[in-house]
Amino acid sequence: TKRVYLLNEGNKDMKMLLGGKGANLCEMAKLELPVPPAFIITTETCLEYFKEGTGDLPKALDYEVQLKALEDDTGKKFGDPTTPLLVSVRSGAPASMPGMMDTVLNLGLNDEIVQGIIDTTGNERFAYDTYRRFLNMYSDVVMEMDKEPFEEVIDKIKKKKGIKLDLEMEASDWKQVVAEFKNLNPNVPMDPREQLRGAILAVFRSWNNDRAIRYRSYNGIPDAWGTAVSVQAMAYGNMNDACGTGVAFSRNPSTGENKFFGEFLANAAGEDVVAGIRTPQPLEEMAQKWPEVYAELFKYQEQLEKYYGDMQDIEFTVENGRLYMLQCRNGKRTAKASVKIAVDMVKEGTLSAQEALLRIPANQMDFFLHPTLDPKAKKTLIGEGLPASPGAATGKIVFTPDDAEAMANLGQDVILVRKETTPEDIHGMKSAQGVLTALGGMTSHAAVVARGMGKCCVSGCTAAEVDVKTKTLTLGENKLKEHDVVTIDGSTGEVYLGTVDRRSAAEDEDFQAVLKWADDIRELKILTNADTPEQAATARGLGAQGIGLCRSEHMFFAPERISAMRAMIVSERKKERLEHLETMAAFQSEDISSILKEMDGLPVTMRLLDPPLHEFLPHSHEEMQSLADTVGKPLSVVKDRVAQLQEVNPMLGFRGCRLSVVYPEITEMQARAIASAAAANKKAGLDPKPEIMVPVVSTAKELRLIVPRIEAAVSDELRKANEELDIPIGTMMELPRACVTADEIVGTEGVEFMSFGTNDLTQSVWGFSRDDAIKFIGRYQEQVGICGEHGGEPKSVGFFHSLGFDYVSCSPFRVPIARISAGQAAA
Ligand code: ADP
Ligand code: MG
Ligand code: MG
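About the thresholds
Residues numbered from 1 in each chain as written. Chains lettered and ligands numbered in written order. Predicted model: local features only at pLDDT ≥ 70, side-chain atom pairs only at ≥ 80, totals over all residues. UniProt positions renumbered as here; feature names shortened; annotations may be inferred. Helix = DSSP H or I, 4+ residues; strand = E, 2+ residues; numbered from the N terminus. Domains from an automatic or database assignment. Contact = placed C-beta atoms within 7 Å. Nonpolar A, V, L, I, M, F, W, Y, C, P; charged D, E, K, R; others polar. Near = placed C-beta within 6 Å. Pairing = 2+ DSSP bridges. Axes fitted to C-alpha atoms, helices over the stretch in contact; angles between N-to-C directions.

You'll find the protein entered in an unreviewed UniProt entry as Pyruvate, phosphate dikinase, with Ectocarpus siliculosus given as the organism. Looking at the Cofactor (unreviewed entry) heading of the UniProt record, one finds this comment for the protein: "Mg(2+)".

Chemist: What is the right way to read unusual backbone geometry from this model?
Modeler: Leaving glycine aside, a negative phi is the common case for residues, and trans is the common case for peptide bonds. A positive phi is found at Asn320, a non-glycine position, where the angle reads about 45 degrees. Mapped onto the fold, Asn320 is located in the loop between β9 (312-319) and β10 (322-330). Phi is positive for Lys471, which is not a glycine, with a value near 50 degrees. In this fold, Lys471 is placed in the loop between β18 (464-467) and β19 (472-475).

Chemist: What is the right way to read the domain arrangement of the protein from this model?
Modeler: One frequently used descriptor of interface size is the decrease in accessible area upon assembly of the parts. Looking at the assigned domains, one finds that the protein contains domain 1 (4-236), domain 2 (237-333), domain 3 (371-504) and domain 4 (536-612 + 647-767). Spacing between the C-alpha centres of domain 1 and domain 2 amounts to 21 Å. Facing 21 residues of domain 1, the contacting portion of domain 2 comprises 19 residues. Of all the elements in the fold, those that place two or more residues in the side of domain 1 that touches domain 2 are α1 (15-30) and α5 (124-142). Here the residues of the side of domain 1 that touches domain 2 are counted per class, giving 12 nonpolar, 5 polar and 4 charged.

Chemist: What is the right way to read the site of ligand 1 from this model?
Modeler: Taken together, 19 residues lie near ligand 1, and Ser88, Arg90, Thr103, Gln232 and Glu315 sit nearest. Among the elements of the structure, β3 (87-92), β4 (103-107), β5 (228-233), β9 and β10 are those that each provide at least two residues to the shell around ligand 1. Here the shell around ligand 1 gets 3 residues from one element, more than from any other, and that element is β3. Of the residues contributing to the shell around ligand 1, the split by class is 7 nonpolar, 9 polar and 3 charged. Each of two domains, domain 1 (4-236) and domain 2 (237-333), supplies a minimum of three residues to the shell around ligand 1.

Chemist: What should I look at first to understand the sheet that holds strand β27 (residues 689-694) in this one?
Modeler: In sheet architecture, strand pairing relies on hydrogen bonds along the backbone and comes in two forms, parallel and antiparallel. If you trace the 7 strands from one edge of the open sheet to the other, you get β29-β28-β27-β26-β25-β24-β30, paired in parallel fashion. Two strands in the sheet have a free side with no partner beyond their single neighbour: β29 (753-756) and β30 (807-810). Adjacent strand axes in the sheet meet at a mean angle of 30 degrees, parallel and antiparallel pairs treated alike. Bridging between strand β24 (residues 525-529) and β30 involves 4 bridges; their strand directions are parallel.

Listed below in structure tokens is the structure:
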């Protein structure tokens, strides 16, 4: 097996073997872009390392030949003090996992070689700066030492000199830092080959660090892939003011605007830009400072974007006016940018509408349904940072990722406030509505990760003083404590005190264009779950083609209605029950009529009463007494009824069509209400299309009892109203027995359709309680992959499409996501 590849031996299609970074380095070299020479150790070798489990490099791995090739290419020698070759040792998985794994830079230095660099270049500051970077990174990444004592060394010297920036440190300062670093960790190996071995092992190990594992589980990346390791000659951005490093995007990753975009830092190296150490400068300033380098970079980004057919994220370093390309990949972008870029690329003729549709992360499209700040809202501006990831969010401020997670678990909206974020903050960012950082630019960790998650983020709010110890955020004269409310706008970078009114972004033209592509080719109909006229209107506005599930019981929870329902339930005789049902029929008919009106011309599936009756009854003494008073019965009657209906396991209890079997009059009332509402609308010149669905069926026999009663009640009501209407009757598959006897059930006389009710069906097939599974289902999702609300979940929609279903029905705000997913499934 070939374990080590030179750049001219690989290409962009070898991501599985060489990692995304390695494969793209090969491709850029092939395109004759200036890439420092490198060799790449395969992902298979990483797996071999884990399999052998010796903690040492796989026995068969040998990179001496390739290291020699690097030396020949650069005219430098690894470990040689006069012409030292320094390398970076970089991680790179088949799928992008930005910043999650480890990289060691400037490897190949020791005391003697540092002296050699000083003697040959005369640049003492550069030599010690590079050495301290190496000692720091090697101690951190390879030897897993705490970073803080190292940072304190630098802070102490800066404080003593009264300076703030790395740039202001002089050669003698870095020399002192190096000496103190060596005291902190005297054990960094001085043999460059030993360093190389250690760093490669550390990169292998970093595949299984906590944050990498967590990132993979969030993003569905298999644990079995492993990481490749790129060993690459260093380009130096920290030699002098004709050097620097930067990150660029071929289009704006936040807004999608087709404009070359990025940041750089002069006389800086490695991760200085992303780490948020200094606030970087926009590329426009690089165009002023180094016009030729800028022009060259501009040319490459254009070339790469065209070549890959997608927006590119580029890392580069400038060494003495020479540009080096260190990485390119398809750039992460916000939901908003993904839509704008897709639409623009279709307009530019780069992509077909179908290709562009497949680029849309359907799951993130709820961004467009989430609000942006209402321009007319009253607001108090208290701070300003960079517009790092668009959208607007309001929440209570918290200062640690753990606090964010804990509060979110309590159902609270929070804004995570940090000096800067690191990969250890991911779970907190995921839990928060938005992220606010004091440091860092548009390409900082916080910005990149927030954009990937579709979370709004304001970064680089430099006026913010964030104190994690006292949990306070100071912005000018505003001193905020933990749990004070702020609103942040990631599209403008603004921070406001308290809550600010927001509005939907659904009318976005580009978003509408994407929806149209999907609608043009999808075969699945997208219906919605809606119980009120308001929900129906919202869903229709978002493109729902009808209601797939209207839960009729939701019409009985309003105070004046629940008392009619309760009176009906505690009735002691049928006659009494019928009277109360009459009252209920009036409410129900009115509500159904409004819903049918909102969905006029589109199908509306009314589901008959589903929950167990005791869910409607009161349980406190006072409430029971008050019910007894209202219906004019002794308290004991109410109490007995409550006790009688109490269930140990209500989900499997007296509910759904079982109610219809025992109390046919309830079902008849509902059927009449539906028919009379439809008849009334028809009389008013509308086009009502109601359907009736019987829930929780387990056997065809239940339907043979119930369906004729519904038919009789409907036709009686229509006859009375003197209207003709077809009201199909169907049923819901939510029990395993119903599914395995589906042919018989659907074959029942009078049954015209069926629908899978995935919430109950999931619970009954798996034997999970949907109310309790939350306590353990997370572990399943991490390891197995189960979907939530299926109707609006992209993968499930794809599955339903492949099975040839007619429709899916989902909650109103999932409708656009379902439309796009159905389009993607058909593309
Ligand atoms: P990540 O996956 O976290 O982006 P990288 O391997 O890309 O890690 O390394 C991070 C940064 O280190 C790069 O963006 C670049 O600035 C710097 N770097 C890596 N290799 C080199 C090199 N050969 N020369 C100069 N800088 C390098
Ligand atoms: Mg990188
Ligand atoms: Mg159900």
